[in-house]
Amino acid sequence: MTRRWPRVAVPVGVALAAVLLSACGSSGSPSMLDPKGSEASHIAGLWWLMFGIACGVYVIVAGFIVRAILHKPDENALVDGGEPSVTRRFDDRMIVWGGVIVPVLILAVLGVVTVTTTNALRRPEADALRIDVVGKRWWWEVTYPAAHFTTANELHLPAGRPVEIELTSDNVIHSFWVPQLAGKVDTIPGQVNTLRFVARTPGVYKGECAEFCGIQHAHMGFIVVVESAGAFDRWMLQHSQPPLEPASEAADEGMAVFNAQTCAGCHTIDGTPAHGDVGPNLTDLGERATIGAGALENTPSNLARWIPDAPGVKPGVLMPQLTLSSRDVALLVTYLESLK
Ligand code: CUA
């Protein structure tokens, strides 16, 4: 008996540890169990239903395992040529119920609820805000077609309005996931997938690439800023115009450095001669929260670190090391941080 108990204790212990660890790990990471949108609420509801059923099945099966360990086998269960005992008949009925009827009922319920939920997630809305997102190596290109502007690694959305995000990739498969707002959808080269949802609560939500895509998969983050309709309209209006002329002499010199160096060959800044399309559009870089899709917080000192040596910060990134004087780096930082 003393040797048998650990066999029961191990799976119970593992299950409890998994629940406790997942609770501990929630600080700082977005959780799909803390939904802030209609679609995320549907998904969380389905998750809780599945979790509840799984817990029920686990407790019942574990109960039978414990009973089987504690009870001696019924020696009259198999009587040669005679009538099966009461225990044997009970066991046979349990096999039919536990092995066939109950699993079929559970799968039927989950099948219906899953199909209903999936249909609810795909319903198109007439007044949806369309956004195009392309998974890059390793960042996200974000375009608002109606306002004709492109940004990177940040989406702004109006609270309460349906959005329709058209997702694709120009390299490998990535997966676009904002756990608190919607389910994950893959970005696949040569194919456009659509993600629809409504964000209900204003706030800033973290998104991640949820499909392993290479050396910097872990640094392919983005943020979604959900704001009131008025704030969102102001943001759209501001972004549908090119940035203002550089306001200081240093920023003006920084713009000249940007266009004279290789920067302008890879990046676009609206309203300037820079029209590269390899790296992110930098038209509103000064107001973005991070550099390198979450690799660094966007501060002047971090930008001064990134510009000459992006591969040193984020190995594998397409942006090369640049040979620039410290004065040129300082001018570039002043210019780029002024772009809003
Ligand atoms: Cu992109 Cu993982």
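Look above for the structure.
Keep in mind that this is a model prediction, so the values were computed, not measured.

Colleague: Explain helix α4 (residues 229-239) here, please?
Modeller: Along an α-helix, residues three or four positions apart point the same way, because every turn accommodates 3.6 residues. Buried residues of α4: F232, W235, M236 and H239, and no others. For α4, the arc enclosing every buried residue in end-on projection is 100°, short of the 170-degree limit, so these residues lie on one face. Seen from the buried face of α4, the exposed residues on the opposite side, beyond 90 degrees, are R234 and L237. Taken together, the buried residues of α4 touch β1 (129-135), β2 (140-144), β3 (149-152), β4 (154-158) and β10 (222-227).

Colleague: Please explain helix α9 (residues 326-337) as it appears in this structure.
Modeller: Across its twelve residues, α9 extends 16 Å between first and last C-alpha, which sits within 8% of the 16 Å expected from 1.5 Å per residue. Along α9, the positions that sit buried rather than exposed are D328, V329, L331, L332, V333, Y335, L336 and E337. The inward-facing, buried residues of α9 contact α5 (249-260) and α7 (300-306).

Colleague: Can you walk me through the environment of L339 in this structure?
Modeller: On the secondary structure map, L339 appears in the segment after α9. Accessibility expressed as a relative area gives 3% for L339, which makes it buried. Each C-alpha atom of the pair L339 and P242 lies 9.4 Å from the other, and the pair is 97 residues apart in sequence. Each residue touching L339, except ones within four places of it in the same chain, is listed here: P243, I269, L282, T283, D284, L285, G286 and E287.

Colleague: Please explain the packing of aromatic side chains as it appears in this structure.
Modeller: The description of two aromatic rings rests on the distance between their centres and on the angle between their planes. This model, assessed by the stated rule, comprises eleven aromatic pairs. Ring plane angle 65° and centroid distance 5.3 Å describe the contact between Y144 and W235, whose orientation is recorded as edge-to-face. Here Y144 is found in strand β2, whereas its partner W235 is found in helix α4, with 91 residues between them in sequence. Here Y144 falls in the buried class, since its relative accessible area comes to 0%. Exposure remark for W235: the relative accessible area of 7% places this residue in the buried category.

Basis of the calculations
- Residues numbered from 1 in each chain as written.
- Predicted model: local features only at pLDDT ≥ 70, side-chain atom pairs only at ≥ 80, totals over all residues.
- Heavy atoms only, no water.
- Buried < 20%, exposed > 50% of the residue type's maximum accessible area, 1.4 Å probe, protein only.
- Helix = DSSP H or I, 4+ residues; strand = E, 2+ residues; numbered from the N terminus.
- Arc of directions from axis to C-beta.
- Contact = heavy atoms within 4.5 Å.
- Expected span 1.5 Å × (residues − 1).
- Phe/Tyr/Trp six-rings, centres within 6.5 Å; stacked < 30°, edge-to-face > 60°.

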